[in-house]
Amino acid sequence: MNRRTFIQFAAAAASLSVAGCSIPGGVPANRLARLARGVNMSHWFAQAPFSRATLQSRHTADEFRALRRVGLTHVRFPLDPYVLFSERNPARLDPDRLPLLDAALDMILQADLAVIVELHPEDRFVDRLATDDRFVDAVVQFWRALAMRLSARDPEWVFLEALNEAHFDNPPRWEAVLRRFLAAMRDGAPRHTLIASGDGWASIDGLVQLTPVADRNVVYNFHFYEPFEFTHQGATWGYEMWRHYCGVPYPVDAERIAAALAIIDNPRARDEIRFYGQSGWGATRIGMRLDQAAAWGAQHNVPLTCNEFGVYRLISTPADRIAWLTDVRAALEQRRIGWAMWDYAGGFSLTRDGMNDRSLDDETLRALGLSAP
């Protein structure tokens, strides 16, 4: 995105009164413009061994400059808290790893990309937050310290996200914890824009159960992978049936559903894909689903972002994956909702073959409305 386009996007954002808006006393339009188009840097400071080699050299400055050239405005930076966090002394950030975090953020920012620093723990960390008040107290202290550290960076370019995909199955409990996190983050970083999500793995259903906080400098976030029967077919984590799904089409097509049923060997998985075949998933239904998020944003006069969406690439049909990405990206932009694709070089990748071939994939770039490298 060149400077002229950025200014046009910012002006458009400033004129809106719904999702993606600039709200008087709230999130400035230029910050929302920087959240327009992004990608997640998975398996770096989270979802990976915390070795010095991984943290220090997994990505290069050239990669971030390439992401900027194709039109991205930001990256989302998953950070496992245990890179820096010790429960025994939660207000003390690991001094050996802090320089590695600083170097990574410097590299991103020097490429003229904004960055969302978001806590991205393993499930057991989230499970403890759901039940252990003393652990919540420790993480509150940690967030205050981390936010204070990050507050030295330009608030026009650095955003702080409370937690990735809370799954308490208890929205009031999560909302209470979230409010404590946001208050601690605000104590540490008075001028920075914060990002918050609902319960239920940051789903739209979780978002619409939230009551926004009084702090107006907060963007509300959701993740979108629906329908999971298509986006997660072949995945070996999460819901056990995903690994049995194969040949699942997007959009729904009766003939192709029949072909998928013929090759799926698990009876329960077949039943679920048979039901999916009656669901009508396509661009229209995606738009209707995103309208629920946009309506909540308009009701509360708060800005929204969708900072995860994508399709697992292992066995999904490439043309169907491109169709889904195109439909979701277009629907988000029509509603002035900024986005960040999952992910850069993992199983959903923007690159041609994860970390094996880091050349950016031309078809995926086109689906995202981005330029050729």
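In case you missed it, the structure is sitting above this.
This text gives an overview of the structure that appears in the document. (Residues numbered from 1 in each chain as written. Predicted model: local features only at pLDDT ≥ 70, side-chain atom pairs only at ≥ 80, totals over all residues. Heavy atoms only, no water.)

1. Quick notes on the layout of surface pockets
Put simply, the largest pocket is a space of about 890 Å³. Lining of the largest pocket is provided by 30 residues; of these, Glu-165, Trp-201, His-232, Trp-237 and Glu-308 occupy positions nearest its centre. Looking at the lining of the largest pocket, the elements with two or more residues in it are helix H6 (123–131), helix H9 (199–202) and strand S6 (218–224). (1 Å grid on protein atoms, 1.4 Å probe; cavity = no way out; pocket = protein on both sides within 12 Å on 5 of 7 lines; lining within 4 Å. Points joined across faces, edges and corners; volume = space filled by probe spheres on them. Helix = DSSP H or I, 4+ residues; strand = E, 2+ residues; numbered from the N terminus.)

2. Description of H6
Every buried residue of H6 is listed here: Phe-125, Val-126 and Leu-129. One face of H6 carries all of its buried residues, which in axial projection span an arc of 95°. More than 90 degrees from the buried face of H6, the exposed residues found are Arg-124 and Thr-131. (Buried < 20%, exposed > 50% of the residue type's maximum accessible area, 1.4 Å probe, protein only. Arc of directions from axis to C-beta.)

3. Some details on the packing of helix H14 (residues 283–300) against helix H15 (residues 318–334)
With their axes 10 Å apart at the nearest point, H14 and H15 run at an angle of 40° to one another. Judged by the inter-axis angle, H14 sits oblique to H15. Where H14 crosses over H15, the handedness of that crossing is right-handed. Taken together, the residues of H15 that come into contact with H14 (itself represented by Ala-283, Ile-286 and Leu-290) are Trp-324, Asp-327, Val-328, Ala-331 and Leu-332. Here the contact of H14 with H15 is composed, by residue class, of seven nonpolar, no polar and one charged. (Axes fitted to C-alpha atoms, helices over the stretch in contact; angles between N-to-C directions. Parallel < 35°, antiparallel > 145°, perpendicular 65-115°, else oblique. Left-handed = near helix turned anticlockwise from the far one by under 90°. Contact = heavy atoms within 4.5 Å. Nonpolar A, V, L, I, M, F, W, Y, C, P; charged D, E, K, R; others polar.)

Just geometry here; none of it tells us what the structure is for.
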